[in-house]
Each structure stands twice: as C-alpha cells, then as structure tokens.
Amino acid sequence: MKTLVWVEHDGGAVKDATLAAVTAAAKLGEVHLLVAGQGVDGVAQAAASIAGVGKVHVADDAAYAHALAENVAPLAADLMGHHDAFVVPATTTGRNIAPRVAALIDVQQVSDILSVEGPDTFTRPIYAGNAIATVRTRDAKLVVTVRTTAFAKADAQGGTGTVEAVSSTGDKSLSSHVSSEMAENARPELTSAKIIVSGGRALGSGEKFAELIEPLADKLGAGIGASRAAVDAGYVPNDYQVGQTGKIVAPEVYVAVGISGAIQHLAGMKDSKVIVAINKDADAPIFQVADIGLVGDLFTLIPELTSKL
Amino acid sequence: MKLLVPVKRVLDYNVKPRVKADGSGVDLSNVKMSMNPFDEIAVEEAIRLREKSGGGEIVVVSIGEAKAQETLRTALAMGADRAILVVAEQKVEPLGVAKLLQAIVAEESPDLVILGKQAIDDDMGQTGQMLAGLLGWGQGTFASKVEVADGKVAVTREVDGGLETVSLTLPAIVTTDLRLNEPRYASLPNIMKAKAKPLANKTPADYGVDVAPRLETLKVVEPGKRQAGVVVANVDELVMKLQAMGIAK
Ligand SMILES: Cc1cc2nc3c(=O)[nH]c(=O)nc-3n(C[C@H](O)[C@H](O)[C@H](O)COP(=O)(O)OP(=O)(O)OC[C@H]3O[C@@H](n4cnc5c(N)ncnc54)[C@H](O)[C@@H]3O)c2cc1C
Ligand SMILES: Nc1ncnc2c1ncn2[C@@H]1O[C@H](COP(=O)(O)O)[C@@H](O)[C@H]1O
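Note that this is a predicted model, so its numbers are computed, not measured.

Turning our eyes to something else, we now look at the overall build of chain A. Helix and strand counts for chain A come out as eight helices and 16 strands. Relative to the 2.2 N^0.38 estimate, which gives 19 Å for 309 residues, the radius of gyration of chain A is 21 Å and therefore close to what a compact globule would have. Counting only C-alpha atoms, chain A reaches 60 × 40 × 40 Å along its principal axes. Taken over 309 residues, chain A has a buried fraction of 59%. Working note: accessible area of chain A is about 11200 Å², and carbon and sulfur atoms make up 48% of it. Between the centroid of the 24 positive side chains of chain A and the centroid of its 34 negative side chains there is a distance of 5 Å.

Okay, here's the thing in structure tokens:
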C-alpha cells in the first residue's frame, strides 16, 4: 500500500505531530509525504530525512501559505489518484483538511485512530474515549487521522527520501487568511510536554492561576494546561484546554489542580502515565483516575508544594 | 439571511456511556438523549445572525430515527423557523449525512450552513468539512467568533497555538466550537409555539442519496481501567512520592 502523509509544519520545521502520523502510515505500507506551503525548501529537506520516508511531494505556492483546506484539499485529492491512504495527524489543521479530502475522493474517513489492526481495520475512541471501537472500512482507499499520543514518533533523522515538486492546484478564492493570534508561550508545547500542570475553575481568577500554577510548573519544568471551566472563565487562553474538545495529552506526569474530573476532561488526559490530583473534595471524580491524590485546599497546598520541591 | 443548521440527537453529555456486554456498541436504551451540545451552539448562532441581519429564515435538519423529531422541536423552540427530518433506519455516517445536506442545500439555497464541530457520540468531526468539499464552498471550522458583512463571513477559529481568523465568500460553511456563545433555553411559551411550526418528513430516497455505511464496527470495548491510586496525607508525602519517581529532586 502507498500512503501519503500530510506534513504539518510551521514554514520552517516539521511539527512533531507529523512524526506520529508517519509511524502510523508505516504500519500500512510505503510512506510518501506531502509538503504544501510557501517557501518550504527547508521543510521538504527536513521531511526527506525522516526515517523510512520515500518520495516527498512538494507544492510550493502562496495558495498553501496558511494551509487553507479549500486550497490544500484539491491538491491532496489529486495526489490520491496514485496513493492508497491519506494519513493526517489529528491536529486542528489536520482535522480541518482531511475530511474535505475524503469527501472529494468519496471516502468515509476514519478519525483519530489509536492503532492499526490491519490494512483496513483500526481502533478509535468514541463517546469521549469512554468506549473504544474497532472499525473496518469497505472503501477502496483510506483517509485516516491519527491520534498523535497513541503512536511513537518516527525518527526525524536518517531518512533518504527524494524530493519531487508537484504543480500547484492554485488558489480556489473561497477563503483567505486574515490574521493569527498565537498565544505567547515559552513553555513546552502541551502535546509534547513530559510533565503538565493543569488548573481548574477552583483557581478563581487569571491572577491566582498565574500566581499558583506558574511557579509550580517552573519547578517541574512543566507545560501548563487547564480545564474548560478555567478557559471559559478567561483565566488562560483557549489553547490551554485539555479534554475531549481541547488537546489530547499523555505526558509522563499530569498534575490536576482544582479540577473535578468531568468525563470530557478525563478524555484528554487519562492516558497520562502518572496522574496527580489535588482537590478539596475527596469524592471528586478526578481521584478515580489519580495515582496520587492529595485532599485539601489548593491555596495552601500549592505554595507549600512549590516551596518544598 | 437564510441559515441551515443540521442538529444531531445524541446521548446527553452528562450521562456516562455504558458499553454493552456483547461488545456491539454503547447502550442507548432508557438513557437521556439530547441535542448535540455543539449543535445547540449552532442554533443559537443562527438566531443571533438572523437578528443582526434584520430577518430571514432558519431551517434545521436532522438525520436519524423518528425520535430525532424531539431534537428538531427543541431547535424550533429555541427560535428556528422550520424543520426537516430525514428518517433513516440505519446509522448514517458523516459522508452520507454530508451528501443528504448537499441535496438539501440545493433545494434551500442557504447563505450559511452552521454545524457543530463534532457529534459527541462518534466523535468523527467530519461532516462540515465534507459538506464544504462537496459543495465547493469555503469552510470556517472550530469557530469562536462569526461576523457576516458585505457578502463575506469572518470566522475566528480555535486552533492549536491560539486563534486564527479567515474570511470566506458566502455561501459558506461554519462549524462551532464551545466558546462561540451560550445557547439560550427555550421558554415554555416557545416550546408550545414550536409544536405548530412546520416539520417535513423525508427519507434518504427522496434525495436520491445512497447512505449505505462504509464502515463496519467489529467490536466496542471499554477502555483499559486505571488502577486505584493512593491518597497521601500531606505535601511532604507527595514530595516523597514524586522524588521516588524521579520527578522531583
Ligand atoms: C460538549 C462538551 C465538551 C467539553 N469539553 C471539555 C474539554 O475538552 N475539557 C474540559 O476540561 N472540559 C470540557 N467540558 C466541560 C466539562 O464538562 C466540565 O464542565 C469542566 O471540565 C469542569 O472544569 P473544572 O473541573 O475546572 O470545574 P468544576 O467542575 O467546577 O470543578 C472544580 C473543582 O475544584 C475543586 N475545588 C474548589 N475549590 C478548591 C480549593 N480551594 N482547593 C482545591 N480544590 C478546590 C472542587 O472540589 C471541584 O472538584 C465539556 C463540556 C461539554 C458539554
Ligand atoms: N445525523 C445527523 N443529523 C443532523 N446533523 C448531523 C448528523 N450527523 C452530523 N451532523 C452535523 O455534523 C456535525 C459534526 O458531526 P460529526 O462529523 O459526525 O462529528 C454535528 O455537530 C451536526 O451539526
């Protein structure tokens, strides 16, 4: 089987999520890549050195500068004329593009795969991860998005892929990029952080969130996450949300502070290796998944913990 | 402004899903079903856009068993004008739903279709993007802000890393994220009024769409359970545990 992996990049470097998608694709067959963007020579070279990669198709055009699905999908659909599977990391940009490609080639996409069980069979979470379904597709071609925490990252080095230019399918003039407001964050990216400290509604304000969570995260060298309630209340930007509808994370250690543990939150973090929960309510559902629990008032416990680490 | 809003009937988000013992799926007998939360947000947004544009019509659509009628009535009670129920015996997958919606769009010619970003039962997250692809329209997915002006819609999207704003030529597709708005509750008088609003009954055959499933579910199991952990008495014990694991010095 010939797979085509859509490469997520920031114009300069290949994003880690791509490496997990490459691992998933390699379980299906030959791995070919699609790099679409503007001024992406460097990205194409980096992509070609990912271990195990064959051809790297590069489409360099202003139409692809912001990864608009309206422009990228027709390009990918064309390339799917001679590939059998389109494999995409389940990031926000990947989830925006993949279903559009699937519709263009009349394929029912399989979203968010956790494992490859066979050439047409996958496991995937449903109901916010409260159930795992094994599904087999009857379609002749595959479109899958990959849950990146479920696959090891392919080695970014050692590959000997060949770069090949493909012609642009042009700007479809359906959409244009207006602006981006990226959250300033010097901390490890949530989806690749080894340790994450997350705060919930209990923090009470953005000031308290910063005053208590940040020093603890600094001590642990951790990334910072949050529950939806904390994001909705404006304590932190939306990008911090962990859960069914936020980021899916699986760090070595996840510290939940003042988070109740609603199923939608658990969906995003319950595959973490070690879960530490601090909550004043001994019956909070978060304790049902926690390896280490501490019951008490976070406003006294967190400063104490930070000072003792 | 004319708006089309597809709404799905799903297991209520507060209900803990139970996997059936025979591994055939999640047990949906005698459990509370509700409108997919993202679709409530879509209906709310449509109502606000209709108000801002000074009038127009909101058509809501649901594809599923006959009981999806309740979900449509809820949307009508919130403020939608008219409903279409496409009754399907079997579960219809996102590609099939998108094809039915494509046919309905051809009949209704809306300026904007607003869908949820995902249905919280199957967590597919595909239908809006597929519909946009089939129609050849622009798509503003995971929206946290929607502004219509001069034949265009500006959509602020929640993306990894922050927010991104795109501008789409109308007609277009929008899918909702959680922070787009707070959906209203339907008032009792409006629930009564909704009973008189038009609801058309259709089938996939009426639209000539083949909705045969492409995916076969071989089995559904519960995820691996985490082992019960320990509760420590104080911060010192927690620090010791963290040190033992090599997390703290
Ligand atoms: C469709 C849908 C999708 C959703 N997606 C997500 C998602 O992706 N991520 C997500 O997180 N949520 C999501 N939610 C929301 C989810 O259902 C919960 O509402 C949310 O996770 C609650 O956040 P919380 O735990 O911070 O707040 P709460 O539930 O209010 O919990 C606060 C906790 O803090 C504890 N506490 C209070 N004061 C203190 C103190 N002084 N010291 C210690 N502990 C204290 C309380 O005991 C309580 O357990 C979603 C909901 C819906 C409907
Ligand atoms: N059976 C259905 N009936 C009506 N709308 C649906 C249906 N399935 C999906 N949708 C719409 O498509 C969105 C995304 O669903 P999905 O792609 O299944 O995650 C939902 O939030 C609905 O707006």
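Back to the write-up after that little detour.
Our next topic: the packing of helix α3 (residues 94-108) of chain B against helix α4 (residues 127-135) of chain B. Residue and element names in this part refer to chain B. Here α3 crosses α4 at 50 degrees, and the two axes come no closer than 9 Å. If you check the angle between α3 and α4, you find them oblique. α4 is crossed by α3, and the crossing has right-handed handedness. Residues Pro94, Leu95, Val97, Ala98, Lys99, Leu101, Gln102 and Val105 of α3 pack against Thr127, Met130, Leu131, Leu134 and Leu135 of α4. Taken together, the residues of the contact of α3 with α4 break down into ten nonpolar, two polar and one charged.

Turning next to the site of ligand 2. Residue and element names in this part refer to chain B. Every one of the 18 residues lining ligand 2 counts as a neighbour, but Asp39, Ile63, Ala119, Gly125 and Thr127 are closest to it. Residue Asp39 places a side-chain N or O atom 2.4 Å away from an oxygen atom belonging to ligand 2. Burial of ligand 2 by the protein chains amounts to 98% of its free accessible area of 480 Å². Looking at the shell around ligand 2, the elements with two or more residues in it are β4 (57-64), α3 and β6 (112-116). Each residue belonging to the shell around ligand 2 can be placed in one class, and the counts come to nine nonpolar, seven polar and two charged.

On to the environment of Pro213 of chain B, then. Residues and elements named next belong to chain B. Assignment of secondary structure puts Pro213 in the loop between β11 (199-202) and β12 (215-221). For Pro213, a relative accessible area of 23% puts it in the partly exposed group. Linking Pro213 and Leu95, residues 118 residues apart in sequence, is a C-alpha distance of 9.0 Å.

With 81 residues of chain A in contact, the opposing surface of chain B contributes 75 residues. Both faces considered, chain A and chain B share a buried interface measuring about 6700 Å² in area, 53% of it formed by carbon and sulfur atoms. Counting across the chain A and chain B interface gives eight salt bridges. In this structure, the salt-bridge partner of Lys308 of chain A is Asp236 of chain B, at a minimum N-O distance of 3.0 Å. Joining chain A to chain B, the criterion identifies 48 residue pairs in polar contact (both at pLDDT 80 or more). Residue composition of the side of chain A that touches chain B, by class: 37 nonpolar, 25 polar and 19 charged. Alignment of strand β8 (residues 131-137) of chain A against β12 of chain B, held across six bridges, turns out to be antiparallel. Looking at the pairing, Thr134 of chain A lines up with Lys219 of chain B of β12 of chain B.

The next thing to look at is the UniProt feature "domain: Electron transfer flavoprotein alpha/beta-subunit N-terminal" (unreviewed entry) in chain A. Residues annotated by UniProt as "domain: Electron transfer flavoprotein alpha/beta-subunit N-terminal" (unreviewed entry) correspond here to residues 3-181 of chain A. Span residues 3-181 of chain A is 24% helix and 35% strand, its end C-alpha atoms 33 Å apart.

All names here are of chain B. Together, Leu188, Ile191 and Met192 line one region of the surface with nonpolar side chains, adding up to about 300 Å² of accessible area. Within the secondary structure, Leu188 is located in helix α5 (residues 188-194). Residue classification places Leu188 among the exposed residues on the basis of a relative accessible area of 61%.

Rules behind the numbers
Residues numbered from 1 in each chain as written. Chains lettered and ligands numbered in written order. Predicted model: local features only at pLDDT ≥ 70, side-chain atom pairs only at ≥ 80, totals over all residues. Heavy atoms only, no water. Helix = DSSP H or I, 4+ residues; strand = E, 2+ residues; numbered from the N terminus. Rg over C-alpha atoms; globule rule 2.2 N^0.38 Å. Buried < 20%, exposed > 50% of the residue type's maximum accessible area, 1.4 Å probe, protein only. Areas by Shrake-Rupley, 256 points an atom, 1.4 Å probe, with all protein chains shown as cover. Lys, Arg positive; Asp, Glu negative; His and termini not counted. Charge placed at Lys NZ, Arg CZ, Asp CG, Glu CD. Axes fitted to C-alpha atoms, helices over the stretch in contact; angles between N-to-C directions. Parallel < 35°, antiparallel > 145°, perpendicular 65-115°, else oblique. Left-handed = near helix turned anticlockwise from the far one by under 90°. Contact = heavy atoms within 4.5 Å. Nonpolar A, V, L, I, M, F, W, Y, C, P; charged D, E, K, R; others polar. Near = heavy atom within 4 Å. Polar contact = N/O pair within 3.5 Å; in protein donor to acceptor, adjacent residues only side chain to side chain. Buried area = accessible area lost by both parts, 1.4 Å probe. Salt bridge = Lys/Arg side-chain N within 4 Å of Asp/Glu carboxyl O. Pairing = 2+ DSSP bridges. UniProt positions renumbered as here; feature names shortened; annotations may be inferred. Patch = residues over 30% accessible without salt bridge, like charges linked within 9 Å, V, L, I, M, F, W, Y side chains within 5 Å.

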